[in-house]
Amino acid sequence: SSLRQNPQAQETAFLSVITFDSSVRQIVPLTDLGSFQMPEIKASGTTSLGGALKMVSTCIDNEVAKTTAETKGDWKPLVFIMTDGNPTDNWQNGLSEFKKRKTAFTVACASGSGADTNILKQITDNVVSLDTADGQSISKFFAWVTASIGVSSTKVEDSGKEITGLNELPP
């Protein structure tokens, strides 16, 4: 609801949600902000991080419009990865696929004591740690995510150019 208050985000932000536990599912395909409905998400099972990275790669290939001579494509996506555990699958294969895609910014969030920040740092330099996976910590993280998307949308709208990164990670 906070993001919907930003006129630039209304025009430029599209959201997708991919969950990864014992299986990987895209539970919300890339959807414009006005139509997006947040599903209920519950952590359970194992941590199929490699499968999630492959799914993100496939979704970028299939859902993010590429610029051609005839049409202007979408901006490079912002990717936010949130995990409460260590990968239980072959995450390196997924990482290899993910690294072949261009993103504007990727943030990984290690939520709780079970998440390995060293693995996440192999995905991105932008790693945030939440000491607890309680509602207040997660709420603050998503408030920052919302602000990041809003800032990105404003920068894109104002400059007409893609952003190259956001350097203001939360404390």
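Residues numbered from 1 in each chain as written. Predicted model: local features only at pLDDT ≥ 70, side-chain atom pairs only at ≥ 80, totals over all residues. Heavy atoms only, no water.

A. Spatial organisation of the pairing of strand S3 (residues 78–83). On S3, burial follows the alternation: Val 79, Ile 81 and Thr 83 on one face are buried, whereas Leu 78, Phe 80 and Met 82 on the facing-out side are not. Bridge count between S3 and strand S4 (residues 105–111): 6 bridges; the pairing is parallel. If you follow Met 82 over to S4, its bridge partner there is Cys 109. In this fold, S3 hands off to helix H3 (residues 91–99), which returns the chain to S4; that crossover is right-handed. (Buried < 20%, exposed > 50% of the residue type's maximum accessible area, 1.4 Å probe, protein only. Helix = DSSP H or I, 4+ residues; strand = E, 2+ residues; numbered from the N terminus. Pairing = 2+ DSSP bridges. Right-handed = clockwise from strand over helix to strand, strands pointing away.)

B. Spotlight on the packing of helix H2 (residues 49–63) against H3. At a minimum axis separation of 7 Å, H2 and H3 run at an interaxial angle of 20°. The orientation of H2 relative to H3 falls into the category roughly parallel. In terms of crossing hand, the pair formed by H2 and H3 is left-handed. Contact with H2, carried on its side by Leu 49, Gly 50, Leu 53, Lys 54, Val 56 and Ser 57, involves Trp 91, Asn 93, Gly 94, Leu 95, Glu 97 and Phe 98 of H3 and no other residues of that element. (Axes fitted to C-alpha atoms, helices over the stretch in contact; angles between N-to-C directions. Parallel < 35°, antiparallel > 145°, perpendicular 65-115°, else oblique. Left-handed = near helix turned anticlockwise from the far one by under 90°. Contact = heavy atoms within 4.5 Å.)

C. Seen up close, the side chain of Asp 21. Looking at the secondary structure, you find Asp 21 in the loop between strand S1 (14–20) and strand S2 (24–32). Apart from residues lying up to four places away in sequence, Asp 21 is in contact with Ser 44, Thr 46, Thr 47 and Ser 48.

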